[in-house]
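# Summary of structural features
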Amino acid sequence: MAAAPFPAGILIAAVVFHATVVLSSFPATFHLERGITANHKLKLSKLKERDRVRHARMLQSSGIGVVDFPVQGTFNPLLVGLYYTRLQLGSPPRDFHVQIDTGSDVLWVSCGSCNGCPVNSGLHTPLNFFDPGSSPTASLISCSDQRCSLGLQSSDSVCSSQNNQCGYTFQYGDGSGTSGYYVSDLLHFNTVLGGSVMNNFSAPIVFGCSTLKTGDLTKSDVAVDGIFGFGQQDMSVVSQLASQGITPRAFSHCLKGDDSGGGILVLGEIVEPNIVYTPLVPSQPHYNLYLQSISVNGQALAIDPSVFGTSSNQGTIIDSGTTLAYLAEAAYDPFISAITSIVSPSVHPYLSKGSHCYLMSSSINDIFPQVSLNFAGGASMILIPQDYLIQQSSITGALLWCIGFQKIQGQGITILGGNKSPIFAALCDSISIEKLYFRVVKSRDLVLKDKIVVYDIANQRIGWANYDCSMSVNVSTALDTGKSEFVNAGTLSNNGSPKTMLHKMTPVTMMSFLLHMLLLGCYMFL
């Protein structure tokens, strides 16, 4: 058979390889043998499976990489009111759109024969149903499986003595719920490693297969295929991939605040000089923080510090699924009084359905003060008026702006929530927080839009910084070495078309990449 001419990229790889041999004083001649004989043809699916296994070994042997998920949705409740992402599960890979939620641990999607699952969505995204029987790589999780035992410890799983099937039942703070069973199958993703995008990777994970939905989860207006829990317990995808040495035990997001929405969601720690960190409260099921005080216009409010104390039924939680902002009465009343006393000469206070609102015709930035949430370790979160006010409507030509923080009677749990960008919220102290999932379908993302938020689980801290989330970010893959990768918003997985990034490749990485291209070219000419 006549030799086919090499493509330019493969010819370059061969030349560079020869130069390296000479400079390194290696033998100048190599004897290469075919891994697949010339008269033996393999189906494309077999070749892809060989590459998948090889890539998994390469990923684990080469070090931890950055995994990026595309972000869709906006904070604006008049448009979408939540942030969600797209991921691929099973064999062959199928797309599933899932809401991003830091207040729960488990990834679950709708499955066939689901009772109460919507069949269409007002988000104009196709709704899919996972079918374990149609994926050859799927397997059910039994009660005797060690992975089920991990879920039992964190109340993320339940077991039935009748069928030995590991299952779950979740109730969320908005009254909705879901139940189903656990399966193991492949999560497909792209990763940045050594400065280059490596696609078509996959790793086995355990996730939920929902057969029942109740409450708001049955509604179609903003329906998605499931919920992507980013909690810190062992059943979360973050913990599962970290335990396999694939990604760091950290994730970050940066959500765009304009109506176009979207943003960045990566498994890894975004590195930015202005990020301030505060420690997590240890041994808690959620992301609990030490909130110490609230300041308005630089003046600390007269709030009893015990209001922000941490106990079995009280504390401050950062959660991506909570809709509005709620404060215990002892914090809410001083907060509203301080705001109103500053703006009252210029605006007309207005009570709308129990919410404190203001009628005004000028810019809120010219009238309303900054608010500071002060945490342990000297970390403060500065809120501009757009971070705590919601525009509702107009009355006789004036705009109606309402405070986005709501009051809960008595002391309770302060939750920094909102879909992927924490807003204040609280739950009454009569509710146990050991395993209550805080999720609401429509979340407004007031506080943390246009901010980098880093969940450094490995080092038990959370950080944030103001940022233009339409820009690129640097993401650290090794939290103790400082090694970082350059990641653009959604470049790895948005629309399924990754973009290679060769501008930071080291010579060794470039050589590895070119040799990989050479081998790929050999496959093509078999």
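Sequence positions are assigned chain by chain, starting from 1 and proceeding in written order. Totals for whole chains, interfaces and linings use every residue, but because this is a predicted model, local features are given only for residues with pLDDT of at least 70 and side-chain atom pairs only at 80 or more, for both listing and counting. Working from all heavy atoms in the structure, the side-chain values ignore hydrogens and water.

### Quick notes on the overall build of the protein chain
- Helix and strand definitions here come from DSSP, where helices need a minimum of 4 consecutive H or I residues and strands a minimum of 2 consecutive E residues; each element is numbered from the N-terminal end. The number of helices and strands found in the protein chain is six helices and 32 strands.
- Relative to its full complement of 526 residues, the protein chain shows a buried share of 52%.
- It only takes one pair of heavy atoms within 4.5 Å for two residues to be counted as in contact. Considering only residue pairs separated by 6 or more positions, the protein chain has 67% of its internal contacts joining residues 24 or more positions apart.
- Of the roughly 22800 Å² of accessible surface on the protein chain, 55% is carried by carbon and sulfur atoms. Only protein chains enter the area calculation, which uses a 1.4 Å probe; residues under 20% of their type maximum are buried, those over 50% are exposed, and those in between are partly exposed. Each accessible area is a Shrake-Rupley result for a 1.4 Å probe, and residues are judged covered by the shown protein chains and nothing else.

### Concerning the UniProt feature "active site" (unreviewed entry) in the protein chain
- Per the UniProt entry, the sites bearing "active site" (unreviewed entry) are Asp-101 and Asp-319 in this numbering.
- Position of Asp-101 relative to the elements: it lies in strand β3 (residues 94–101).
- A relative accessible area of 0% places Asp-101 in the buried class. UniProt positions are given in the numbering used here, feature names are shortened, and annotations may be inferred rather than shown by experiment.

### So, the nonpolar core
- Of all hydrophobic cores here, the largest spans 73 residues; its most connected members are Leu-89, Phe-335, Phe-368 and Tyr-388.
- Sorting elements by how many residues they give to this core places helix α5 (residues 329–343) first, with seven residues.
- Setting aside its immediate chain neighbours within four residues, Phe-335 contacts Ile-294, Val-296, Leu-301, Leu-327, Val-371, Tyr-388, Ile-403 and Phe-405.
- What we call a nonpolar core is a set of buried Ala, Val, Leu, Ile, Met, Phe, Trp, Tyr and Cys residues that are connected through their side-chain atoms within 4.5 Å. Grouped together as the second largest cluster of nonpolar side chains are 14 residues, Val-266, Ile-270, Val-454 and Val-473 included.

### Notes on the sheet that holds strand β22 (residues 371–375)
- With antiparallel pairing, four strands are arranged side by side in an open sheet as β17-β16-β22-β23. Only two strands of the sheet have a single neighbouring strand rather than two, namely β17 (299–300) and β23 (380–383).
- Each axis is a line fitted through C-alpha atoms, and for a helix only the stretch in contact is used; angles between axes span 0 to 180 degrees, taken between their N-to-C directions. Those strands touched by α5 are β16 (291–296) and β22, and its axis lies near 15° from that of β16. Only strands joined by at least two bridges in the DSSP assignment are considered to pair.

### Points about the sheet that holds strand β25 (residues 398–403)
- Strand order in the open sheet formed by four strands is β20-β21-β25-β24, with antiparallel pairing between adjacent strands. Here the strands that pair on one side only, and so sit at the sheet edges, are β20 (348–352) and β24 (389–395). Each strand axis lies, on average, 35° off the axis of its neighbour in the sheet, ignoring direction.
- Examined bridge by bridge, strand β21 (residues 355–360) and β25 share four bridges and lie antiparallel to one another. By the bridge assignment for β25, Leu-359 is matched with Leu-400.
- Strands β20, β21 and β25 of the sheet are contacted by α5, whose axis makes an angle of about 10° with β21.

### Some points on α5
- Compared with an ideal rise of 1.5 Å per residue, which puts 15 residues at 21 Å, α5 spans 21 Å between its outermost C-alpha atoms and is within 8% of the ideal.
- Within α5, burial applies to Ala-331, Tyr-332, Phe-335, Ile-336, Ala-338, Ile-339 and Val-343. Buried positions in α5, seen along its axis, are confined to an arc of 160° and lie on one side of it. Helix span is expected to be 1.5 Å times the residue number reduced by one. The reported arc concerns the directions from the helix axis to the C-beta atoms and nothing else.

### Looking at the pattern of salt bridges
- The working definition used for a salt bridge is a side-chain nitrogen of Lys or Arg within 4 Å of a carboxyl oxygen of Asp or Glu. Per the stated rule, a full pass over the model turns up six salt bridges.
- Note that Arg-461 is salt-bridged to Glu-269, the shortest N-O span being 3.0 Å. Here the residue Arg-461 occupies a position in strand β30 (residues 461–466), and Glu-269 occupies one in strand β13 (residues 269–271), the gap between them amounting to 192 residues.
- Of the residues examined, Arg-461 reaches a relative accessible area of 27% and is grouped as partly exposed.
- Accessibility expressed as a relative area gives 8% for Glu-269, which makes it buried.
- Members of the salt-bridge network, linked through shared partners, are Glu-269, Asp-456 and Arg-461.

### What to know about the environment of Ser-470
- Relative to the helices and strands, Ser-470 is located in the loop between β30 and β31 (473–476).
- Residues Ser-470 and Gly-257, spaced 213 residues apart in sequence, show a C-alpha to C-alpha distance of 9.6 Å.
- Polar contact is defined as a pair of N or O atoms within 3.5 Å, subject to the rule that within protein one atom must be able to donate a hydrogen and the other to accept it, and that residues adjacent in sequence are counted only when both atoms are side-chain atoms. For Ser-470, the side chain forms a polar contact with the side chain of Asp-468, separated by 2.7 Å.

### As for the packing of aromatic side chains
- Classification of ring pairs rests on two measures: the distance between centres of Phe, Tyr or Trp rings, Trp counted by its six-membered ring, which must be within 6.5 Å, and the angle between planes, read as stacked under 30 degrees, edge-to-face over 60 and tilted in between. Under the counting rule described, the total for this entry stands at 14 aromatic pairs.
- Between Phe-230 and Phe-251 the ring centres are 4.9 Å apart and the planes differ by 50°, which places this aromatic pair in the tilted class. Of the two residues, Phe-230 sits in the loop between β10 (226–229) and α4 (237–243) while Phe-251 sits in strand β11 (residues 250–255), which places them 21 residues apart along the sequence. We note that Phe-230, like Phe-251, is buried.
- Among the aromatic residues, those joined into a ring-pair cluster are Phe-69, Phe-228, Phe-230, Phe-251, Tyr-287 and Tyr-455.

### So, unusual backbone geometry
- Residue Ser-91 is joined to Pro-92 through a cis peptide bond whose omega torsion reads -5°.
- If you trace the backbone, Pro-92 turns up in the loop between β2 (82–89) and β3.
- The phi angle at His-124 is positive, at roughly 60°, despite the residue not being glycine.

### Some details on helix α3 (residues 146–153)
- Measuring from the backbone nitrogen of Arg-147 back to the side-chain oxygen at the start of α3 gives 2.8 Å, which picks out Asp-145 as the cap.
- Directly beyond the C-terminal end of α3, a positive phi value near 60° is found at Ser-155.

### Quick look at the state of the cysteines
- Disulfides are defined in this document as cysteine sulfur pairs within 2.5 Å. Applying the stated criterion to the full structure yields six disulfides.
- Residue Cys-148 pairs covalently with Cys-166 via a disulfide, S to S 2.2 Å. Residues Cys-148 and Cys-166 share a disulfide whose torsion about the S-S bond is about 90°; that sign makes it right-handed. Of this pair, Cys-148 sits in helix α3 while Cys-166 sits in strand β7 (residues 166–171), and the two are 18 residues apart along the sequence.
- Since its relative accessible area comes to 0%, Cys-166 is described here as buried.
- A sulfur-sulfur distance of 1.9 Å marks the disulfide that ties Cys-357 to Cys-402. Across the S-S bond of Cys-357 and Cys-402 the torsion is about 95°, and the bridge reads as right-handed. Placement of Cys-357 in strand β21 and of Cys-402 in strand β25 is noted, with a sequence separation of 45 residues between them.
- Owing to a relative accessible area of 1%, Cys-357 belongs among the buried residues under this scheme.
- If you count the bonded cysteines of the protein chain from the N-terminus, they pair up as 1-8, 2-3, 4-6, 5-7, 9-12, 10-11.

### Some remarks on the environment of Leu-301
- On the secondary structure map, Leu-301 appears in the loop between β17 and β18 (315–318).
- Residue Leu-301 is classed as buried on the basis of its relative accessible area, which comes to 14%.
- Spatially, the C-alpha atom of Leu-301 lies 6.5 Å from that of Pro-334, the residues being 33 residues apart in sequence.
- The contact partners of Leu-301, leaving out residues within four places of it in the chain, are Ile-294, Ser-295, Val-296, Pro-334, Phe-335 and Ala-338.

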